[in-house]
Amino acid sequence: VQLQASGGGLVQAGGSLRLSCSASGRTFRGYAVGWFRQAPGKEREFVAAISRTGGYTYYATSVKGRFTISGDNAKNTVYLQMNSLKPEDTALYYCAADNRILTSSIRDYEQYDYWGQGTLVTVSS
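Predicted, not measured: the structure shown is a model, and the values here were computed from it. Each chain carries its own residue numbering, running from 1 in the written order of its sequence. Where totals are concerned, whole chains, interfaces and linings use all residues; where local detail is concerned, this predicted model gives features only for residues with pLDDT of at least 70, and gives and counts side-chain atom pairs only at 80 or more. Computation of side-chain values: all heavy atoms of the structure, hydrogens and water removed.

**What to know about the side chain of Ser20**
Point 1. The topology assignment puts Ser20 in strand S3 (residues 17–24).
Point 2. Note on exposure labels: buried denotes an accessible area under 20% of the residue type's maximum, exposed denotes more than 50%, and partly exposed covers the range between, all computed with a 1.4 Å probe on protein chains only. Using a relative accessible area of 13% as the deciding quantity, one classes Ser20 as buried.
Point 3. For Ser20, the contacting residues outside a window of four places in its chain are Gln4, Ala5, Ser6, Trp35, Thr77, Val78 and Tyr79. Per the convention used, a helix needs a DSSP run of H or I reaching at least four residues, while a strand needs a run of E reaching at least two, with both numbered from the N terminus. Here, two residues are considered to be in contact whenever any of their heavy atoms come within 4.5 Å of each other.

Right, dumping it as structure tokens:
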């Protein structure tokens, strides 16, 4: 499956952005989809994920209550709605997918087989 991430941009602190992760080649059905981010000089970190069934969502502590992950099967797209953005949210955001990942590993970026190219989010103070 090929993934395309989009929706990044420059926003002021307190603002919102919605990232999209679109799949081509096959449907997202049966795939867990995760969002990860990497800031300059830092390790890639988990942001949010939606389970293979679509019934469960998971969030990093730093974004819980501000970010929401959701899926639209008709559009074969997973979204990351980001509200109340902070300068520390500035990073390159990646979406990833996998159809064999276990729930216990859903926060581990090394467990995902398919990756999008990344979309840059910059939050100014």
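Read on for the rest.
**Regarding the state of the cysteines**
Point 1. Our working definition of a disulfide is a cysteine sulfur pair at a distance within 2.5 Å. Counting across every chain of the model gives 1 disulfide.
Point 2. With its sulfur 2.2 Å from that of its partner, Cys21 forms a disulfide with Cys95. Residues Cys21 and Cys95 are joined through a disulfide that is right-handed, its torsion about the S-S bond being 70°. In this pair, Cys21 is assigned in strand S3 and Cys95 in strand S9 (residues 91–98), connecting sequence segments 74 residues apart.
Point 3. Given the relative accessible area of 0%, Cys21 is considered buried.

**A word on the sheet that holds strand S1 (residues 2–6)**
Point 1. Strands were regarded as paired on the criterion that DSSP finds at least two bridges between them. The strand order across the open sheet formed by 4 strands is S1-S3-S8-S7, and the pairing between neighbours is antiparallel. Pairing within the sheet leaves two strands with one partner each, and these edge strands are S1 and strand S7 (67–72). For this sheet, the mean angle separating the axes of adjacent strands, direction not counted, is 15°.
Point 2. Relative to strand S8 (residues 77–82), S7 runs antiparallel, the two sharing 6 bridges. The residue bridging Phe67 from the neighbouring strand is Met82, located in S8. Axis definition: a line fitted to C-alpha atoms, limited for helices to the stretch in contact. Angles are taken between N-to-C directions and run from 0 to 180 degrees.

**Re the side chain of Arg37**
Point 1. Mapping Arg37 onto the fold places it in strand S4 (residues 32–38).
Point 2. Arg37 sits in the buried class, given a relative accessible area of 5%.
Point 3. Side-chain atoms alone can form a polar contact between residues adjacent in sequence; in general such a contact is a pair of N or O atoms within 3.5 Å, and within protein one must be able to donate a hydrogen while the other accepts it. Looking at Arg37, its side chain comes within polar contact range of the side chain of Glu45, at 2.6 Å.
Point 4. Within the local environment of Arg37, its side chain forms a polar contact with the side chain of Tyr93, the two groups lying 2.9 Å apart.
Point 5. Excluding anything up to four places from it in sequence, Arg37 contacts Glu43, Arg44, Glu45, Val47, Ser62, Val63, Phe67, Glu88, Asp89, Ala91, Leu92 and Tyr93.

**Section: the pattern of salt bridges**
Pairing is possible between side chains of opposite charge, provided their charged atoms come close.
Point 1. By definition, a salt bridge exists where a carboxyl oxygen of Asp or Glu is found within 4 Å of a side-chain nitrogen of Lys or Arg. Here the structure, examined in full by the defined rule, presents 4 salt bridges.
Point 2. Note that Arg37 is salt-bridged to Glu45, the shortest N-O span being 2.6 Å.
Point 3. Each member of the salt-bridge network shares a partner with another, and the members are Arg37, Glu45, Arg66 and Asp89.

**Examining unusual backbone geometry**
Point 1. The phi dihedral of Asn76 falls on the positive side, at around 55°, and the residue is not glycine.
Point 2. Here Asn76 lies in the loop between S7 and S8.
Point 3. One non-glycine residue, Ser84, lies in positive phi territory at about 50°.
Point 4. Relative to the helices and strands, Ser84 is located in the loop between S8 and S9.
Point 5. The partly exposed category is assigned to Ser84, whose relative accessible area is 41%.

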